[in-house]
Every structure is written in C-alpha cells, then in structure tokens.
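The chain contents come next:
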Amino acid sequence: MLVPVILSGGAGTRLWPVSRSAYPKPFMRMGDGQSLLGKTLARALRCADAAPVLTVTGRDYYFLTRDEYAQAGADLDRLPFLLEPAGRNTAPAVVLAALYARDHIAPDATLLVLPADHLIRDNEAFAADVGRAARLAQDGWLVTVGIRPTHPETGFGYIRMGEAIAAPAPRRSRALAPEADAVQECVDCTCAAEATTAAPLGRAVQAFVEKPNTQIAEGYVASGEYVWNSGMFCFRADTLLEVAAQVCPDVLAAAQACHAQATSHESPVEYAREAFLVQPDISIDYAIMERAPRVAVVPATFDWSDIGSWKAMSSLDAADGEGNRVYGQAVLVESANCYVQSQGRVVAAVGVQDLVIVDTGDAVLVSHRERAQAVKQVVERLRADNHSAASVHQTVHRPWGSYTVLEDAADCKVKRLTVKPGHVLSLQLHHRRSEHWTVVDGVAKVRIGEREFLLNRNESAYIPMETVHRLENPTNTDIHLIEVQCGDYFGEDDIVRLEDRYGRVASR
C-alpha cells in the first residue's frame, strides 16, 4: 500500500508579495489556474490508487486546504489531515505521519513524502520513478528522489550517488504438489538471474552534501555523480520508525509523546501544543536520512522545479521575442528580459531590462532578476515593523469564506465579504468599532443582540459597539456583503468570540 504524505505550509518569504505566511507558496496559482497544492494532490492520488492520502499542515491552513481539495473534486473522506499547532521542521511531521500510518492504516504501509510546493509537469515519468522508489522501500531502503542538476545551483543541497542497486530478486512461491509432499517452485516466478540483468532501481547514497559554492557546484555537475536533494522521500512506516529509534531516539520519543496526546485520532488529527513544541526543530535529512544505514536515491526522469525564487518563476514558461514574460495587464516599451505579474492593475515598464515586477494590488515588488532571492530581507523588515503585508493579502481567507479590504483608513475600514453556503461567522462583539452590513448579492441571516432576521439584497443592518452579533449564509450559493467599520481601532484582536464552530480564538 503506497500512502502519499503531503507536507504543506511555508514561511511565505521567497515569493513575496504573492506568497505570504497566511497564504504560502502551495496555494499560489500557476498559469493554468491550478495551485501547486492542487497539482501535488493530483500526483498523490494517481500514485495512491485506493489508499488514503495524508496531509500534514498547520491548523491555520486546514480550511483553506480543504477548500482547495474540494475544488479539485477530491473525496475528502480518503484525505486524513494531521494539523500542527505551530511551525516545525520536516522530521517531526514525517515521524508523526509514520506513527499515524502504523496505527490507522498499516504498519508496513509505504509512505511517499511530497512537499506541496514543487512543480512537476511530466506525471507519467513521476509515477514511474515513484514505482522504482516504492520497490526499494519495500526492500527496506530509505529512499530519496534526486534531481539531475541542469546548472551549478548553489541554493540546493546535493547527494553523491554510489553503486547501482538492482531490483530485488522476486520471492519464489512454493506449493505442495497434490500427488506428493514434494515442494515445487511456482512456474510464474521470474528467476533471480533475470532480475539482476534488469535496469537498476536506484543508487546507494554515498553522502549528503551541504549547499556548495559556485566552483564546487560546477565540479559536481561536471562529474555526473551528484543530484540535487529534492526533499521527496519513500520508505515503509515501520522501517522509518525502526531507524529513527536507532539514529534519533530523541526525535522519535518526542513524536510518540505528541502522538499519544493528540486531541483526536480521527481526521483532522490535532496535537496538544505543549507536547508538539517539545519536538526538536530538525529536518528529516539531518535527523534520519544522513544517519541511516541503508539510504538510496532514485535519479528523477521527470521535470522539476521548487520555484524557490522569482528568478526561477520567471524561467518556467517561454518568453516573447524580447525575452519578456507577462502575466496580467502590462505594457512594456523598449524593455527586455523582464518578468511582470499583475493582479488587476496595469503595469507599465519603459526602457528597463532584467527586472522582476510583481503587483498584487496592495504591494509591489521591483527587483533585478539576479537579486530576487533578497526579497526575504523585505519580508524581514516588514515583520520588524509589524506590517500586515508580511503575512496577509488584501484578500484574506477564512473558514467561512473570505474578505477583501477595500479601504483601510484611520477612521474607517471597508471590506467586501464572501460567505460560503451553510457557513457562519462567530458570535462576537467589538469594543472599539461599530459595523454596517449591506448585502450586494444573496440573502444573509443576521443576529444583532437578541433579534434575528433575514437581510436581502440591497438591504443594510447596523451593529453598535458592544453588541453581540453574527452573520450566516443559510442558502446554497455564496453571499456577498459590504462591511463598513467605524471607530478608532480595527485590529482583528478587537473580536470577542462567544461561540465559534471552527474552534478559533484570536482571528476571525
């Protein structure tokens, strides 16, 4: 049984302003309109056949991820979620997934670990490579997928490949002959000699190598013996746990304690915050793969990009005659080798070269293509200034739908709300602002104080300060409202929740 494990989350720094901590890279839309997370799920489902697909993600991303899966038409009943209460590294995430698989799926289930922010287009080649990795995993190997380097990249870790690993000899089936107690070999078995002549499944790993400088990376590429470490892995759940007990018992013990204190073992599985934070903040590479005795690598035959920068993003699709790539509305005059992405507004560029220009409506990035990695410093400064643009977009997704900030002034804040069918905002009140709701499409169910009524299109309601209120969509289509807040403070921490079906405490 092959069980994909999707790891989804991120800091939202390398592809700011599109990727932000509240809406990280897995949710980014590609040119075909599909998100990286949606593409990862499609690959996972193709490999899993009828097995479940696990998703390990942050609690704050749960509803957004469910919506993404539902839009893809996936059966949510076969997609268990493991929800992290805080950010942690990949070793705790993968070990917790292995513990879940051991207890709720099968101890010998083969796990396929897939980061949700990779772009892979050749799904047939991907499935074939996964098949090779799974065969090695079933034979007791811990397997990583390596990417053949296309250039001397200094931002990736490398893997030095060793000797080839042949396909394991098939187990011979034996059956008692009906006319005697003699044991006969099954005529359908392929002999071991034939197996050894087949193409190797992978290579043994000689060493994991840290990110090199340019000169060393050039040597790696020229040798042909190194591949990039993709962060994709394949191993049996029981094998991983056995190896973890040997090479990182502290990581395993902390994960076991966290697993035992899960608030629920039914999807979504949520972990107690204190027990979760005791786990070491360490990657699976450092904790297990680099210390394990039997580690293999399958060199990928599929295309791959982790889209780790705007430079990488700008290289995904073909350019026009001047080397420009444009997404959205833009006018380029006497400009070359530029990447322009606009969401709504027209971007004009005159007489420039080698620039990345990204406009999200509430933020604009202008960077030289070769300096695009430094966008992380922009995010660091925004966070230091406690600027909301470091974490959220103009449109903010919530479990009940979304809202878009239309104006944010000192004396008022205006939002456009979209509430999904059957969903409801928390029962709440505010100390420092009043609100006005106007329905622009649909029918809303409103509670203000003890009064409850329907609000139709083009009708409005006023909610004074300190007044308990709630908004609900009782229909089977989205409803849209304009919310005008008046007061002297409009922060999300001025929400006092009395009831909330989504279990939230601090954010709407």
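Predicted model, so just to flag it, every value in this text is computed and none were measured.

Focus: the overall build of the protein chain
For step 1, the next point in the chain: Along the backbone of the protein chain there are twelve helices and 29 strands.
For step 2, the next point in the chain: Across its three principal axes, the protein chain shows a C-alpha extent of roughly 90 × 65 × 40 Å.
For step 3, the next point in the chain: Expressed as a percentage of its 508 residues, the buried residues of the protein chain come to 51%.
For step 4, the next point in the chain: Within the protein chain, counting contacts between residues at least 6 apart in sequence, those at least 24 apart form 71% of the total.
For step 5, the next point in the chain: The distance from the centre of the 50 positive side-chain charges to the centre of the 64 negative ones in the protein chain is 1 Å.

Points about the nonpolar core
For step 1, the next point in the chain: Of all hydrophobic cores here, the largest spans 104 residues; its most connected members are Val-143, Phe-235, Ile-288 and Phe-302.
For step 2, the next point in the chain: Contact partners of Phe-235, with chain neighbours within four places excluded, come to Val-94, Ala-109, Thr-110, Leu-111, Val-113, Ala-137, Trp-141, Leu-142, Val-143, Leu-240, Ile-284 and Met-289.
For step 3, the next point in the chain: Grouped together as the second largest cluster of nonpolar side chains are 22 residues, Trp-310, Tyr-339, Leu-365 and Ala-372 included.

Some details on helix H1 (residues 36–48)
For step 1, the next point in the chain: A rise of 1.5 Å per residue sets the reference length of H1, with its 13 residues, at 18 Å; its end C-alpha atoms lie 18 Å apart and thus fit the reference within 8%.
For step 2, the next point in the chain: Following H1 by one or two positions, Asp-49 has its phi on the positive side, about 60°.

Re the environment of Ala-374
For step 1, the next point in the chain: Secondary-structure assignment places Ala-374 in the loop between strand E18 (364–368) and helix H12 (375–384).
For step 2, the next point in the chain: The exposure class assigned to Ala-374 is buried, which follows from its relative accessible area of 18%.
For step 3, the next point in the chain: Taking the C-alpha atoms as reference, Ala-374 lies 8.1 Å from Arg-14; in sequence the two are 360 residues apart.

Regarding the packing of H1 against helix H2 (residues 62–71)
For step 1, the next point in the chain: Relative to each other, H1 and H2 sit at 60°, their axes nearing to 10 Å. Comparing the axis directions of H1 and H2 gives the class oblique. The two elements H1 and H2 cross, and the hand of that crossing is right-handed. For the pair H1 and H2, contact is made by Leu-37, Gly-38 and Leu-41 and by Thr-65, Glu-68 and Tyr-69, respectively.
For step 2, the next point in the chain: Taken together, the residues of the contact of H1 with H2 break down into three nonpolar, two polar and one charged.

Description of the packing of aromatic side chains
For step 1, the next point in the chain: Applying the stated criterion to the full structure yields 16 aromatic pairs.
For step 2, the next point in the chain: Between Phe-27 and Tyr-61, the aromatic rings sit 6.0 Å apart at their centres with planes inclined by 50°, giving tilted as the arrangement. A residue pair is termed long-range when its members are at least 10 positions apart, and Phe-27 in the loop between strand E1 (2–8) and H1 and Tyr-61 in the loop between strand E2 (54–58) and H2 qualify at 34 residues. As far as burial versus exposure is concerned, Phe-27 and Tyr-61 are alike and both buried.
For step 3, the next point in the chain: An aromatic cluster of at least three residues, connected via ring pairs, comprises Tyr-62, Phe-63, Tyr-69, Phe-81 and Tyr-502.
For step 4, the next point in the chain: One Lys or Arg, Arg-43, reaches over the ring of Phe-126 and ends 5.6 Å from the middle of that ring.
For step 5, the next point in the chain: Sitting over the ring of Phe-453, Arg-451 keeps its end group 4.1 Å from the ring centre.

Overview of a nonpolar patch on the surface
For step 1, the next point in the chain: Taken together, the side chains of Val-331, Val-333, Val-346 and Val-350 make up a nonpolar region of the molecular surface, amounting to roughly 340 Å² of accessible area.
For step 2, the next point in the chain: Inspection of the secondary structure assignment puts Val-350 in strand E16 (residues 347–350).

Quick look at the side chain of Ser-314
For step 1, the next point in the chain: As for its position among the elements, Ser-314 is in the loop between helix H11 (310–313) and strand E13 (325–327).
For step 2, the next point in the chain: Judged by relative accessible area, which is 0%, Ser-314 ranks as buried.
For step 3, the next point in the chain: If we skip the residues at most four places from it in the chain, Ser-314 touches Arg-325, Tyr-339 and Arg-369.

Things to note about the sheet that holds strand E19 (residues 395–398)
For step 1, the next point in the chain: Strand order in this open sheet of six strands is E19-E20-E21-E28-E23-E26, and the pairing throughout is antiparallel. Only two strands of the sheet have a single partner each, and these edge strands are E19 and strand E26 (460–463). Taken over all neighbouring pairs, the strand axes of this sheet differ in orientation by 20° on average, direction set aside.
For step 2, the next point in the chain: Where strand E23 (residues 433–441) and strand E28 (residues 479–487) come together, eight bridges link them in antiparallel fashion. Within E28, the residue paired with His-436 across the bridge is Val-484.

Details of the sheet that holds strand E17 (residues 355–359)
For step 1, the next point in the chain: With respect to topology, four strands assemble into an open sheet ordered E13-E15-E17-E18, the strand pairing being mixed. At either margin of the open sheet sits one strand with a lone partner, and together these are E13 and E18. Ignoring which end each strand starts from, the neighbouring axes of this sheet average 5° apart.
For step 2, the next point in the chain: The sheet contact formed by E17 and E18 spans five bridges and is antiparallel. Residue pairing in the sheet places Val-358 in a bridge with Leu-365 of E18.

Calculation criteria
Residues numbered from 1 in each chain as written. Predicted model: local features only at pLDDT ≥ 70, side-chain atom pairs only at ≥ 80, totals over all residues. Heavy atoms only, no water. Helix = DSSP H or I, 4+ residues; strand = E, 2+ residues; numbered from the N terminus. Buried < 20%, exposed > 50% of the residue type's maximum accessible area, 1.4 Å probe, protein only. Contact = heavy atoms within 4.5 Å. Lys, Arg positive; Asp, Glu negative; His and termini not counted. Charge placed at Lys NZ, Arg CZ, Asp CG, Glu CD. Core = buried A, V, L, I, M, F, W, Y, C linked by side-chain atoms within 4.5 Å. Expected span 1.5 Å × (residues − 1). Axes fitted to C-alpha atoms, helices over the stretch in contact; angles between N-to-C directions. Parallel < 35°, antiparallel > 145°, perpendicular 65-115°, else oblique. Left-handed = near helix turned anticlockwise from the far one by under 90°. Nonpolar A, V, L, I, M, F, W, Y, C, P; charged D, E, K, R; others polar. Phe/Tyr/Trp six-rings, centres within 6.5 Å; stacked < 30°, edge-to-face > 60°. Lys NZ or Arg CZ within 6 Å of the ring centre and 35° of its normal. Patch = residues over 30% accessible without salt bridge, like charges linked within 9 Å, V, L, I, M, F, W, Y side chains within 5 Å. Areas by Shrake-Rupley, 256 points an atom, 1.4 Å probe, with all protein chains shown as cover. Salt bridge = Lys/Arg side-chain N within 4 Å of Asp/Glu carboxyl O. Pairing = 2+ DSSP bridges.

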